[in-house]
Amino acid sequence: MADEPLVLGIETSCDETGVGIVRGTTLLADAVASSVNDHARFGGVVPEIASRAHLEAMVPTIQRALDTAGIKGSDLDGIAVTAGPGLAGALLVGVSAAKAYAWALDKPLYGVNHLASHICVDQLEHGRLPQPTMALLVSGGHSSLLLSADITTDVRPLGSTIDDAAGEAFDKIARVLGLGFPGGPVVDRMARDGDPKAIRFPRGLSGPKDPEYDFSFSGLKTAVARWVEAKRRAGETVPIADVAASFQEAVTDVLTRKAVKACKDSGVDHLMIGGGVAANSRLREMAQQRCDKAGIVLRVPRPGLCTDNGAMVAALGSEMVWRDRAPSSFDLSADSSLPVTEVSVPHTDLHAAAHEALR
Ligand code: KG4
Ligand code: ZN
């Protein structure tokens, strides 16, 4: 609808410079410049390399998004940006750019939470989220179960990983198997030719006395590394596809079991899965089977929207405008450890007044 808020979103929390443009719940542009190849030889994201890449990519990526959407900056109703959590230097580039554009174009600025954006992106695919919605967010930096009663104001953590994030485990296992970085997509691909029951790897925090909604992947990671190491030491060939499939099965089994349990316990009948690991084909398949069985409606955005992108930030920004939430002040700062409960960075009257006085 033409009267729905038109918002540009900027995402720079990790290695993707993402700029999305959304009108209401409709995606108009999703431009991404990734520095992932610059990090590959280090086996993980190098913060300083990511920050420099954001700086170089920012203006061209914004221009590309505007061109794709066929709009001018002056048409926008607001500019949203990931304020955290993420890499401090990387976030700073996005926040500074968002401030500059918002100031120059005289548009409201919305500093939003990266995790809430991962949830909200699903609106671009499946329409407005029901309230409440359970969200399982699984990526290279986070693995959390979140309950959201209102995606612009109310996101509550039920559980999270106590050690590695799910995506981190995929990346580490890929390294052990010599498959390169990032590990998720290649493990997913290799696992298609493997037997998920070949090796019974441990399911972390799944005992009767363990916390119900927390996750742990470091024991699994060690178990896989030891198993592979023992094979190599014995001079045997490592059955890479079987290891990949069995590891992936252990991760997805725990993630989907806990997510469905959280829905049942809280009486919530909608589950969304987001974050880079939500691109995993086995996770999507198993979640669908278990949700169908439990009478839960599963919502998973297409893989391109699960990994970090600007569209998710624009989606949440547009929802903020739609629901008439207060914008952030221009003293907005990047917060590398922004708590998930802070969906947006609040407006401070003092700075808003100073801003007005300066205009
Ligand atoms: O959300 P994201 O793009 O960035 C973070 O915020 O971390 O997630 C990246 C993570 C990486 O660890 C990557 O290996 C993982 O998502 N990933 C996958 C798949 N595609 C990406 N993990 C499993 N299966 C996949 N198909
Ligand atoms: Zn992310």
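Definitions and cut-offs
Residues numbered from 1 in each chain as written. Chains lettered and ligands numbered in written order. Predicted model: local features only at pLDDT ≥ 70, side-chain atom pairs only at ≥ 80, totals over all residues. Heavy atoms only, no water. Helix = DSSP H or I, 4+ residues; strand = E, 2+ residues; numbered from the N terminus. Expected span 1.5 Å × (residues − 1). Bend = angle between axes of the 7 residues up to and from the residue. Buried < 20%, exposed > 50% of the residue type's maximum accessible area, 1.4 Å probe, protein only. Contact = heavy atoms within 4.5 Å. 1 Å grid on protein atoms, 1.4 Å probe; cavity = no way out; pocket = protein on both sides within 12 Å on 5 of 7 lines; lining within 4 Å. Points joined across faces, edges and corners; volume = space filled by probe spheres on them. Pairing = 2+ DSSP bridges. Axes fitted to C-alpha atoms, helices over the stretch in contact; angles between N-to-C directions. Donors = N, O, S within 2.8 Å, 3.2 Å for Na, K, Ca; no water. Tetrahedral: all angles 85-135°; square planar, octahedral: opposite > 155°, others 65-115°. Near = heavy atom within 4 Å. Polar contact = N/O pair within 3.5 Å; in protein donor to acceptor, adjacent residues only side chain to side chain. Areas by Shrake-Rupley, 256 points an atom, 1.4 Å probe, with all protein chains shown as cover. Nonpolar A, V, L, I, M, F, W, Y, C, P; charged D, E, K, R; others polar. Domains from an automatic or database assignment. Salt bridge = Lys/Arg side-chain N within 4 Å of Asp/Glu carboxyl O.

Draft legend 1. Region of interest: helix α2 (residues 47–69). With 23 residues, α2 should reach 33 Å at 1.5 Å per residue; the first-to-last C-alpha distance of 30 Å fits that figure. At Ala 57, α2 shows its maximal kink, close to 45°; a proline, Pro 60, follows between one and four residues later. Buried within α2 we find Ala 50, Ser 51, Ala 53, His 54, Ala 57, Met 58, Thr 61, Ile 62, Ala 65, Leu 66 and Ala 69. Against β1 (6–11), β2 (16–23), β3 (26–34), α1 (36–39) and α3 (88–105) lie the buried residues of α2.

Draft legend 2. Representation of the layout of surface pockets in the model. Considered as a void within the structure, the largest pocket measures approximately 970 Å³ in volume. Every residue lining the largest pocket is counted, 38 residues in all, and those nearest its centre are Asp 15, Ser 139, Gly 140, Gly 141 and Asp 171. Only β3, α6 (166–176), α7 (183–191) and α11 (303–306) provide two or more residues apiece to the lining of the largest pocket. Take the lining of the largest pocket: its biggest share by element is 6 residues, from α6.

Draft legend 3. Structural view of the sheet that holds strand β8 (residues 154–160). An order of β8-β7-β6-β9-β10 is seen for the 5 strands of this open sheet, with the pairing classed as mixed. Here the strands that pair on one side only, and so sit at the sheet edges, are β8 and β10 (297–299). Here the strands of the sheet are splayed against their neighbours by 25° on average, with no regard to which way each runs. Where helix α9 (residues 240–266) meets the sheet, its contacts fall on β6 (133–138), β7 (143–150), β8 and β9 (270–274), and the angle it forms with β6 comes to roughly 160°. In the packing of helix α10 (residues 281–294) onto the sheet, contacts are made with β6, β9 and β10, and the angle to β10 comes to roughly 160°.

Draft legend 4. Up close: the coordination of the zinc ion (ligand 2). Looking at the zinc ion (ligand 2), one finds its protein donor set to be His 114 (NE2), His 118 (NE2) and Asp 308 (OD), positioned 2.1 to 2.2 Å from the metal centre. Classification of the site at the zinc ion (ligand 2) as irregular follows from its 4 donor atoms and the range of 91 to 155° in their angles at the metal. Motif for the zinc ion (ligand 2), donor spacing along one chain: H-x3-H-x189-D. Residue His 114 is located in helix α4 (residues 114–120), and its partner Asp 308 is located in the loop between α11 and α12 (310–322); the two are separated by 194 residues in the primary sequence. We note that His 114, like Asp 308, is buried.

Draft legend 5. Region of the structure containing the site of ligand 1. The full set close to ligand 1 counts 21 residues, and Gly 140, Asp 171, Gly 184, Asp 188 and Gly 276 are the nearest of them. Note that an oxygen atom of ligand 1 is positioned 3.2 Å from one of the side-chain N or O atoms of Ser 139. Interatomic distance of 2.8 Å between a backbone N/O atom of Gly 140 and an oxygen atom of ligand 1. For ligand 1, whose accessible area on its own is 560 Å², the fraction buried by protein is 89%. Among the secondary structure elements, those contributing two or more residues to the shell around ligand 1 are α4, α6 and α7. Examining the composition of the shell around ligand 1, we find that 4 residues originate from one element, α7, more than from any other. Residues of the shell around ligand 1, tallied by class, amount to 5 nonpolar, 13 polar and 3 charged.

Draft legend 6. Quick peek at the environment of Cys 291. Topologically, Cys 291 is positioned in helix α10. Sequence-distant contacts of Cys 291, defined by excluding residues within four places in its chain, comprise Val 260, Leu 271, Ile 296 and Leu 298.

Draft legend 7. Quick peek at the domain arrangement of the protein chain. When its domains are assigned, the protein chain resolves into domain 1 (6–121 + 309–358) and domain 2 (130–303). Taking the mean C-alpha position of each, domain 1 and domain 2 sit 28 Å from one another. Contacts between domain 1 and domain 2 engage 22 residues on the former and 19 residues on the latter. Along the contact surface separating domain 1 from domain 2 lie 1 salt bridge. A salt bridge links Arg 325 to Asp 150, with the nearest nitrogen and oxygen atoms 2.9 Å apart. At the junction of domain 1 and domain 2, the tally comes to 2 residue pairs in polar contact (both at pLDDT 80 or more). Of all the elements in the fold, those that place two or more residues in the side of domain 1 that touches domain 2 are α1, α4 and α12. A per-element tally of the side of domain 1 that touches domain 2 places α4 first, with 6 residues. When the residues that make up the side of domain 1 that touches domain 2 are grouped by side-chain class, the tally is 13 nonpolar, 6 polar and 3 charged.

Draft legend 8. Region of interest: the pattern of salt bridges. All chains considered together, the criterion is met by 21 salt bridges. In this structure, Asp 164 and Lys 172 form a salt bridge, with 3.5 Å as the shortest nitrogen-oxygen distance. Connected through salt bridges with shared partners, the residues Glu 4, Arg 128, Glu 319 and Arg 323 form a single ionic network.

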